[in-house]
Amino acid sequence: MINVVICGDCGEKTLTRAVVNACTKYGGAVVCDGDKIYSTQNDPKFLIFSMCTLADLYLPGSIVVFGKALMQIQKSIKLDNTVCVVDTCNNDAIDLLGGSSVPAVGCSMSEHDTLTVSGNIDENTSLVSLRRNLETAVGIIEPQDFPLRTNSTFPIYSRLAASAVLLLAGTDCTEGVEF
């Protein structure tokens, strides 16, 4: 099972919803979100924790996705043996990563990020660009563009973060992603 820890997605939980939708579409998930625990299908591929507060983390091999509300996430949290997904416009998330050697997948509209949107095909389909090699659960994925079809109400970072989770989990996105 692939562990995904979403830190600091409070309020409307659009980041959590995007990641859960994507993981449900590509293998199913058990979701632990606040006071709710549920499964989206039998024999799920993903285990998703959505945390507004977090003092400690020890889940080697996990994918850690940072949201915007990181005030209650311990600054000393150990991210060893994880891969982080971060909005590079989020200074609090960048500060949490500090000078660590933890691999991070930057997701935003900057040309310096690993994942970015390079255009829109229609109101529900974006063209996502993987701008550099990405080490995943099944090997290295080389830079490429792929269509992402999703509900247009998800913010850009939520779409990109959910796509990053799928890529890191080894999902084949060459034909596009839909969630």
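Everything numeric in this text was worked out from a predicted model, so none of it was measured. (Residues numbered from 1 in each chain as written. Predicted model: local features only at pLDDT ≥ 70, side-chain atom pairs only at ≥ 80, totals over all residues. Heavy atoms only, no water.)

Engineer: Please explain the state of the cysteines as it appears in this structure.
Structural biologist: Summed over all chains, the structure comprises 1 disulfide. The disulfide bridge from C10 ends at C52, spanning 2.3 Å between sulfur atoms. Pair noted here: C10 is in the loop between β1 (2-7) and α1 (14-25) and C52 is in the loop between β4 (46-51) and β5 (63-66), with a separation of 42 residues, a long-range link. On the accessibility criterion, C10 (32% relative accessible area) is partly exposed. Take C52: its relative accessible area is 27%, and that puts it in the partly exposed class. (Disulfide = S-S within 2.5 Å. Helix = DSSP H or I, 4+ residues; strand = E, 2+ residues; numbered from the N terminus. Buried < 20%, exposed > 50% of the residue type's maximum accessible area, 1.4 Å probe, protein only.)

Engineer: Would you explain the packing of α1 against helix α3 (residues 156-168) in this entry?
Structural biologist: Between two packed helices, the angle of one axis relative to the other and the distance separating the axes together describe the packing. Contact geometry for α1 and α3: axes closest at 8 Å, N-to-C directions at 40°. The interaxial crossing formed by α1 with α3 has right-handed handedness. Where α1 abuts α3, its residues T14, L15, A18, V19, A22 and C23 lie against Y157, S158, A161, A162, V165 and L166. Classifying every residue of the contact of α1 with α3 gives 10 nonpolar, 2 polar and no charged. (Axes fitted to C-alpha atoms, helices over the stretch in contact; angles between N-to-C directions. Left-handed = near helix turned anticlockwise from the far one by under 90°. Contact = heavy atoms within 4.5 Å. Nonpolar A, V, L, I, M, F, W, Y, C, P; charged D, E, K, R; others polar.)

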